[in-house]
Each structure stands twice: as structure tokens, then as C-alpha cells.
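Here are the chains, one letter per residue:
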Amino acid sequence: RVPASTLVPGVGPAGRTLVTGGRLVVREVDGRMHDLLRESVFFDVADPAVSYDGRWIAFAAVTSRDSAWRIWKCDATGGHVSRVTGGARALDLGALYGAQSAKVFARWDDFDPCWLPDGRLLFASTRFPMPAQQGGGVASNLWITRDDGAAQQPFRITAEHDGGEEPSIDPTSGRIVYARWFFNRYRAGKGPDGIAASPAEEVPADTVNLWRAGSIEHDGDHLRLAGGDARTRAGEMAYQPIMTNDTTFVGVRAEHATLLGSGRLGIQLFPHAFSDAQPLAGFGAARGWSACAPAAVPDGRVVFPMDDDGTGNFDLFVADPAHGTFIQLTQDLEMLELDAAVLAPRPSPPKPLYGSSWPTPPDPLPHLTRDEIVNDQRTA
């Protein structure tokens, strides 16, 4: 349990890899609850994701308090536990970045797994050594691997400068939907290259610094806005985004849009992906103090963890947006119930239409200077 003023585990760049000592729990239809992993070797687990056939569960875990997060999987009964991601860096970052910067990149975490319909696993990771423009940490990006981990090195499909995480699959199109930290420390200016060298040269403009949802194909190409209301900053924000079967778009809005510190969280939805925001629970809504991590239920409802009274205790609730009803699924004053996933088979989405994908593999290292960006043949 955490006070309402602290970070929520798994949320944002400051909370996504907190180690709190969690476990995987199954809630049966009749309300009975039991641990999924009968003989767990993990100190903490998070982010369960169920395969489309309902047979496998992928999750993020650490084996000790100070170890890095990696992706693991087990079957639906908690058996056949195996690690999916691991390995060591093949690059000498100390020689490339200097000893001080190399310390920042020494540890990398894998988290937020998501099954692709073809059986591969999509996940977020900080293994690409890209320093985020705010917060002093490393940017997250999306990677794809096979579920056995050993047959294929993870392949990076995004190049976010600050963060790309919390992926899900749009059931209506098959595209990947994920949260992007939308921020640029450079301001438009009046100079020859269009970048302001000082505040006096800045062109007046709105400051954009929040998490919103992008939509891409399985190779990372053809990025576009997934949903929301781009006319307002509050309506534009959508962390932990999901799309339901009827194209209702759901995401998390935060009191602090960068998610760098603590603050209230709220769930808002947008009928048919793009429309006015309709607050559902938590911050900005009539019900609940703080809510996050929405997951779609096949019948159109949404299940999510919510701190109903500001005490810091998150229980699971299921809401029917069409009728405005809420049902509380768990009640535990000693533990937080977070990151719900429906343990059942579900139909595969349609195969997304592919354009021409990138002709070259992703760069092993990010560009660090302006000249590297300008001289890249892929820079428009």
C-alpha cells in the first residue's frame, strides 16, 4: 500500500520500474483469489499480458530487489515458467559516451509486454541508450522478440527521444497503440536553422510536454495519432492507451502531464477514437480519487485499478461506460491490485495493412549531435 501522495508502481518514467514486491494473482469469476505462480522465484512481478489463445501469460519480473526487469512467460496455470529477454550489451558505452554517461546506461530494463497476434512479444525497454530530455533517465522504446527469446535478438521499432511504452493492440485494425512522451527541448526560433539560440529568439508558441498515444504498424512505420481530443492538452493526454472493440479509445490523464512526479491519475475515454473527452474515473471524473491502467473486457466494459477515497489503496473496479455503473472486484487494505488482464482467449484482430517498411535495420546507437541528424539520409 502507498500513500496517495507517492508514485504509483508502473506509471511514468519515475514509477515504471519501481520494485515493490508484487505477485501475480488470479481472480476467478466467483470472486475467489489465488496466486498464479505456485513456486515463484521472483521478488517482484508486474504487467501481465495474456496471449490471444489464452494459453500463455507474459509478464515483467525481477529476481531480487536490485536486479533489472526482464520479460518472462508462463502458461495459464502458472507452470512452464521461462525467461524471454536477457543478454548483455555488445557495445562499450564507456568508450563511446564517457565513463559518467555510461553509468546512466549501465542498467536497462524490459517491461510492459504485449502479445502480437502472430505469437511474437512486443515490449518496452530502456536498452537503447537514448538519454531522455527531462528527468535524467533513459528513454524507453518498443522492441519485438519471439516468445522463446533465444531464437531472435530483440528488434527495435521506435526511436522516441523521451519515451515510448505501454503498448497494446487495436482490436479493430491490428495496429500497435502506445504512449509517447511528446516533448522537445528545442524551441522554434528566427535563426537560419529555425531553432532559437536564446529566449529572445523564440517564436511565441504553446509548450507541449505530455504523454499522448501513437499508432504504428508492426514494423514501427506509419506513425499517427491514435485517438483523443487534440484541441486541448488535457484531451490530448492518453497514457496506458487501449482501443476497445467498438473503437472507444481509453487512456490515462494525469495531474502532472510529464508523469515525472506524484499526483492524481484519471481515466478518460473518447467514443470512436476522436471526440470530446468523457472522464470515467479518478482525476477529472466524478467517481474516485485516482485511477489508471485500463484494460478492455470483451463485453465492452473497462476494468482498472482505482483509489476510491484518496487513501492510497488501489482496488480493481469494472465500469460500464454506456450505463455509468461501477462494480468493485477486490477489497484488500494491505495490497495494491494493479495491471489487470482478462485471462481468456480472444479473437485475433485483422492484419494491418503494411506500407514499405524501413530498408535498413535500426541504428545500434542514437544520434548525439545536430550534424549526425542533419547528415542522415533519412532526415527530410
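Structure: above.
Conventions we followed
- All residue numbers refer to position in the chain's written sequence, counted from 1.
- Local features in a predicted model are, by the rule used here, given only for residues with pLDDT of at least 70; side-chain atom pairs are given and counted only at 80 or more, and totals for whole chains, interfaces and linings are based on all residues.
- With hydrogens and water stripped out, all remaining heavy atoms of the structure feed into the side-chain values.
- Secondary structure elements are defined from DSSP: runs of H or I of at least 4 residues count as helices, runs of E of at least 2 residues count as strands, and each element is numbered from the N terminus.
- Only C-alpha atoms enter the radius of gyration, while the globule expectation follows 2.2 Å times N to the 0.38, with N the number of residues.
- Should any heavy atoms of two residues lie within 4.5 Å, those residues are considered in contact.
- We get accessible surface area from the Shrake-Rupley algorithm with a probe of 1.4 Å; when it comes to residues, only the shown protein chains can shield them.
- Counting rule for charge: Lys and Arg are taken as positive, Asp and Glu as negative, and neither His nor the chain ends is counted.
- A single reference atom marks each charge: NZ on Lys, CZ on Arg, CG on Asp, CD on Glu.
- Defined by distance alone, a disulfide is two cysteine sulfur atoms within 2.5 Å.
- Per-residue accessibility, obtained with a 1.4 Å probe over protein chains only, is compared with the maximum for each type, and a residue is labelled buried under 20%, exposed over 50%, and partly exposed between these values.
- A carboxyl oxygen of Asp or Glu within 4 Å of a side-chain nitrogen of Lys or Arg is what we treat as a salt bridge.
- Strands are labelled as partners when DSSP assigns at least two bridges between them.

Peer 1: Can you walk me through the overall build of the protein in this structure?
Peer 2: On a plain count of helices and strands, the protein comes out with five helices and 23 strands. Taken over C-alpha atoms, the radius of gyration comes to 20 Å for the protein, in line with the 21 Å a tight globule of 380 residues would show. Along the first, second and third principal axes, the C-alpha atoms of the protein reach 65 × 45 × 40 Å. In the protein, the share of contacts with a sequence separation of at least 24, taken over all contacts with a separation of at least 6, comes to 50%. For the protein, the accessible surface area stands at approximately 18400 Å², while carbon and sulfur atoms represent 53% of it. Once the 35 positive and 47 negative side-chain charges of the protein are each reduced to a mean point, those two points are 2 Å apart.

Peer 1: Quick question: what am I supposed to make of the state of the cysteines here?
Peer 2: Between two cysteines, a covalent bond joining their sulfur atoms is known as a disulfide. Evaluation of the coordinates by the stated rule reveals zero disulfides. Free of any disulfide, C114 has its nearest neighbouring cysteine sulfur in C74, separated by 16 Å. For C114, a relative accessible area of 8% gives the class buried.

Peer 1: I keep staring at the environment of L24 and nothing clicks. Help me out?
Peer 2: Following the sequence through the fold, L24 ends up in the loop between α1 (12-15) and β1 (25-27). On a C-alpha basis, the gap between L24 and H34 in space is 8.7 Å, while along the polypeptide they are ten residues apart. The contacts of L24, once residues within four sequence positions are left out, are H34, D35, L36, L37, V45, P48 and F59.

Peer 1: I would appreciate a short explanation of the pattern of salt bridges in the present structure.
Peer 2: Where charged atoms from two side chains of opposite charge approach closely, those side chains can pair. The final tally for this structure, using the stated rule, is 14 salt bridges. With a shortest N-O distance of 2.8 Å, D30 and R32 are connected by a salt bridge. Salt bridges sharing partners connect three or more residues here, namely R212, R233 and E236.

Peer 1: Is there a simple way to think about the sheet that holds strand β4 (residues 56-62) in this case?
Peer 2: Either a parallel or an antiparallel arrangement is found when strands of a sheet pair, and the pairing is made through backbone hydrogen bonds. One open sheet holds the four strands; their spatial order is β3-β4-β5-β6, and the pairing between them is antiparallel. Taken across any chain shown, the strands that pair with only one partner, and hence form the sheet edges, are β3 (44-50) and β6 (82-83). Two strands pair when backbone bridges link them, and strand β5 (residues 70-75) and β6 are joined in this way by two bridges, in the antiparallel orientation. Looking at β6, one finds that W72 is bridged to R83.

Peer 1: What should I look at first to understand unusual backbone geometry in this one?
Peer 2: What is expected of a backbone is that most residues other than glycine have negative phi and most peptide bonds are trans. A positive phi angle, close to 55°, is found at E166, a residue other than glycine. Looking at the element boundaries, E166 is found in strand β11 (residues 164-169). The class of E166 is buried, set by a relative accessible area of 13%. The phi dihedral of D339 falls on the positive side, at around 55°, and the residue is not glycine. With respect to the secondary-structure elements, D339 resides in the loop between β23 (325-328) and α5 (370-375). Its relative accessible area of 18% is what places D339 among the buried residues.

Peer 1: Could you clarify how one ought to interpret the sheet that holds strand β14 (residues 224-225) in this entry?
Peer 2: Spatially, four strands are ordered β11-β12-β13-β14 in an open sheet, and the strand pairing comes out antiparallel. Each edge of the open sheet carries a strand with a single partner, namely β11 and β14. As paired strands, strand β12 (residues 176-183) and strand β13 (residues 209-216) are joined by eight bridges and run antiparallel to one another. Note that in β13 the partner of Y178 across the bridge is G214.

Peer 1: I tried to follow the pairing of β12 on my own but got confused; where do I start?
Peer 2: Remember that side chains alternate between the two faces of the sheet whenever the strand is regular. The buried count for β12 comes to seven of eight residues, which makes it a mostly enclosed element. In textbook terms, the turn of a hairpin is the stretch between consecutive antiparallel strands, and for β11 and β12 this stretch comprises six residues, one of which, G174, has a positive phi near 85°.

Peer 1: What is the right way to read the pairing of β13 from this model?
Peer 2: Across the eight residues of β13, eight count as buried, placing the element largely inside the fold. Burial of β13 is two-sided: the residues N209, W211, A213 and S215 facing one way and the residues L210, R212, G214 and I216 facing the other way are all buried.

Peer 1: Would you mind showing me how to read the environment of I157 here?
Peer 2: Checked against the element boundaries, I157 lands in the loop between β10 (155-156) and β11. On the basis of relative accessibility, which here comes to 7%, the residue I157 falls in the buried class. Through-space distance from the C-alpha of I157 to that of D221 is 7.9 Å; in sequence the pair is 64 residues apart. Ignoring sequence-local partners within four residues, the contact set of I157 consists of L122, L142, I144, I176, I216, H218, D219 and G220.

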